[in-house]
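# Chains, contacts and geometry: an overview
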Amino acid sequence: MDGSGNITDARAQAALAAYDGPPDYRVVGQHGIYPTLTHDEIERFNFLAQMNRFLAGKVMPGVKTAFDKRVAPTFKAEHSRDFKDRHEVRKALAKDPYWQLWSALRRSTMETRQQAGRWVTLRQREELAERAAALIGADTDRLVLDPDLKLPRYVEAIDHHCMPGSYHTEYGPGDVANAANYDCGLFATTGGMLGRFNDGGGQAVARWVKKNLPDFQPKRILDIGCGLGHNVLPIAQAYPDAEVVAVDVGAPMLRYGLARAQSLGVKNVTFVQANVESLPQFADGSFDWVQSTMFLHETSYASMQRIFKESYRLLAPGGIVAHVEQPQYAATMPLFEQAMRDWDAFYNAEPFWTKMHEVDLDAWLVAAGFPADSLIHGGVTAVVDKSVFPDAAEDDGEDYGRKAAWHVVGARKEVK
């Protein structure tokens with residue numbers, strides 16, 4: 001380097017130009033409720049982002065090689081047949097030392113990521129609560145909490161993504177700590193693939209709707225399972241004249257979501273604490289668009305069917321429902337890929353992941369009341385700031401459940 005700190009070595013400059021890894025954590029968007037991090041906390045997240053990228057790009061491909069060269073031939077020799085389903089593949093893979101290495105590393109990085117986030121947020125949880133309260137200020141009518149709400153078992157009994165306390169646990173009055181943990185650690189989990197404000201999913205949904213339904217102008221939008229609001233805010237920004245209602249069971253998420261909205265100048269979202277299986281506070285046909293982003297896999301078999309029926313009730317004639325999720329396990333998806341995608345169900349505290357991705361969502365939408373000829377399908381990829389992460393949108397790697405590329409499934413309610 002020269003005296004000003006600029007890199008002068010040609011080889012170092014060439015290495016920088018060729019770099020295609022995650023961006024530095026310091027470029028992450030710092031909205032008003034985002035937790036503050038020390039140098040060492042930042043570098044811990046940088047390491048985890050690099051580690052996750054390395055596991056997905058360099059280590060995981062070896063699992064397929066081990067499957068083709070050892071696991072599948074051994075199974076066929078022992079059983080005189082090929083695998084019949086993904087469960088047999090998963091159990092056979094779990095015996096292979098290479099799969100065990102990859103799986104242990106992946107689980108370890110997730111646990112480390114959660115502890116890194118907890119270290120950041122718990123040490124400043126009281127300050128974060130004060131900041132959230134200050135941002136919300138007198139605008140309390142946009143935060144509707146229900147302290148008597150009974151949490152569904154599929155929420156209360158699980159530490160989703162290995163996050164202690166999941167989304168709903170409160171550590172004190174006005175708490176937002178676990179929401180802040182989730183927000184600040186998404187960079188490490190995705191390697192920056194959700195963009196500067198981790199809102200690339202919501203941006204993608206808004207862009208997809210505007211492109212594929214150009215005449216659709218919703219006046220009232222319901223976002224279910226909104227979490228910390230990172231996916232609903234881009235939708236609210238895309239439709240500034242619409243009234244947006246964001247529902248979740250976790251009070252810390254909703255407080256954080258509204259504080260985030262306030263800091264980003266988004267004024268048309270109301271955050272409501274409720275169980276989306278039943279929303280009697282909203283009248284029949286009172287929404288033009290009901291949507292979710294990566295939410296259904298965190299519910300349950302019975303509750304998801306109730307959610308579909310409730311969505312139908314809430315939609316106005318001509319309104320649409322759209323759910324964004326990882327792809328279903330269709331017959332065209334190789335059993336190996338299905339088994340690899342199931343990893344999150346067994347090792348990342350996502351128990352409904354495997355069952356949810358095998359059900360016939362089209363059939364469930366029809367059973368809820370939507371006409372079969374009104375079904376909607378599509379695909380979205382997270383929208384990111386390419387000046388920060390230039391190769392994100394073109395990344396054709398696969399990590400079986402973490403890549404920011406999803407499917408859209410939904411329907412339009414008939415006009416009688």
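Computed from a prediction, not measured in an experiment: that's the story for all the values here.

## Overview of the overall build of the chain
A tally of helices and strands in the chain yields 15 helices and 8 strands. Taking 22 Å as the expected radius of gyration for a compact globule of 416 residues, we find that the chain reaches 22 Å, a close match to that expectation. A principal-axis box enclosing the C-alpha atoms of the chain has dimensions of 70 × 55 × 40 Å. Across the 416 residues in the chain, those meeting the buried criterion constitute 56%. Pairs at least 24 apart in sequence give 81% of the contacts found in the chain among residues at least 6 apart. If you sum the accessible surface of the chain, you get close to 18,100 Å²; carbon and sulfur atoms cover 54% of it. Within the chain, one finds 45 positive and 54 negative side-chain charges whose respective centroids are separated by 3 Å.

## Some words on helix H4 (residues 97-122)
Here H4 contains 26 residues, and its C-alpha end-to-end distance of 37 Å stays within 8% of the 38 Å for a straight helix at 1.5 Å per residue. Of the residues that open H4, the one with a side-chain oxygen 3.0 Å from the backbone nitrogen of Tyr98 is Asp96.

## Thoughts on empty space enclosed by the protein
Taken as a whole and assessed by the stated rule, the structure comprises 4 cavities of 30 Å³ or more. By volume, the largest cavity amounts to about 800 Å³. Taken together, 49 residues form the lining of the largest cavity, with His161, Tyr167, Tyr182, Met294 and Glu298 sitting closest to its centre. The element contributing the most residues to the lining of the largest cavity is helix H7 (residues 177-190), with 5 residues.

## With respect to helix H8 (residues 200-212)
In this model H8 runs 18 Å from its N-terminal to its C-terminal C-alpha over 13 residues, within 8% of the 18 Å that 1.5 Å per residue would give. When we look at burial in H8, the residues that qualify are Gly200, Gly201, Gly202, Ala204, Val205, Ala206, Trp208 and Val209. Those residues of H8 hidden inside the fold are in contact with helix H9 (232-238), strand E5 (287-293), strand E6 (315-325), strand E7 (375-381) and strand E8 (405-412).

## Considering unusual backbone geometry
The residue His161 is not glycine, and still its phi comes out positive at about 55°. You will see that Ser166, though not glycine, has its phi angle at about 50°, which is positive.

## With respect to the nonpolar core
If you look at the biggest cluster of nonpolar residues, it comprises 63 residues, and the most contacted ones within it are Tyr25, Phe45, Val209, Tyr256, Val269, Phe271 and Trp289. If one sorts the elements of this core by residue count, H7 sits on top with 7 residues. Apart from residues lying up to four places away in sequence, Val269 is in contact with Arg142, Leu233, Ala236, Val244, Ala246 and Leu258.

## Looking at the packing of aromatic side chains
In this structure the tally under the stated criterion is 16 aromatic pairs. Where Tyr312 meets Phe370, the ring centres are 4.9 Å apart and the plane angle is 90°; that geometry is what we call edge-to-face. In this pair, Tyr312 sits in helix H11 (residues 301-314) while Phe370 sits in the loop between helix H15 (361-368) and E7, placing the two residues 58 residues apart along the sequence. Both residues of the pair, Tyr312 and Phe370, count as buried. By way of ring pairs, the aromatic residues Phe67, Phe75, Phe83 and Phe336 are connected into one cluster. If you follow Arg106 out to its NZ or CZ, it ends over the ring of Trp343, 4.6 Å from the centre.

Rules and cut-offs
- Residues numbered from 1 in each chain as written.
- Predicted model: local features only at pLDDT ≥ 70, side-chain atom pairs only at ≥ 80, totals over all residues.
- Heavy atoms only, no water.
- Helix = DSSP H or I, 4+ residues; strand = E, 2+ residues; numbered from the N terminus.
- Rg over C-alpha atoms; globule rule 2.2 N^0.38 Å.
- Buried < 20%, exposed > 50% of the residue type's maximum accessible area, 1.4 Å probe, protein only.
- Contact = heavy atoms within 4.5 Å.
- Areas by Shrake-Rupley, 256 points an atom, 1.4 Å probe, with all protein chains shown as cover.
- Lys, Arg positive; Asp, Glu negative; His and termini not counted.
- Charge placed at Lys NZ, Arg CZ, Asp CG, Glu CD.
- Expected span 1.5 Å × (residues − 1).
- Polar contact = N/O pair within 3.5 Å; in protein donor to acceptor, adjacent residues only side chain to side chain.
- 1 Å grid on protein atoms, 1.4 Å probe; cavity = no way out; pocket = protein on both sides within 12 Å on 5 of 7 lines; lining within 4 Å.
- Points joined across faces, edges and corners; volume = space filled by probe spheres on them.
- Core = buried A, V, L, I, M, F, W, Y, C linked by side-chain atoms within 4.5 Å.
- Phe/Tyr/Trp six-rings, centres within 6.5 Å; stacked < 30°, edge-to-face > 60°.
- Lys NZ or Arg CZ within 6 Å of the ring centre and 35° of its normal.

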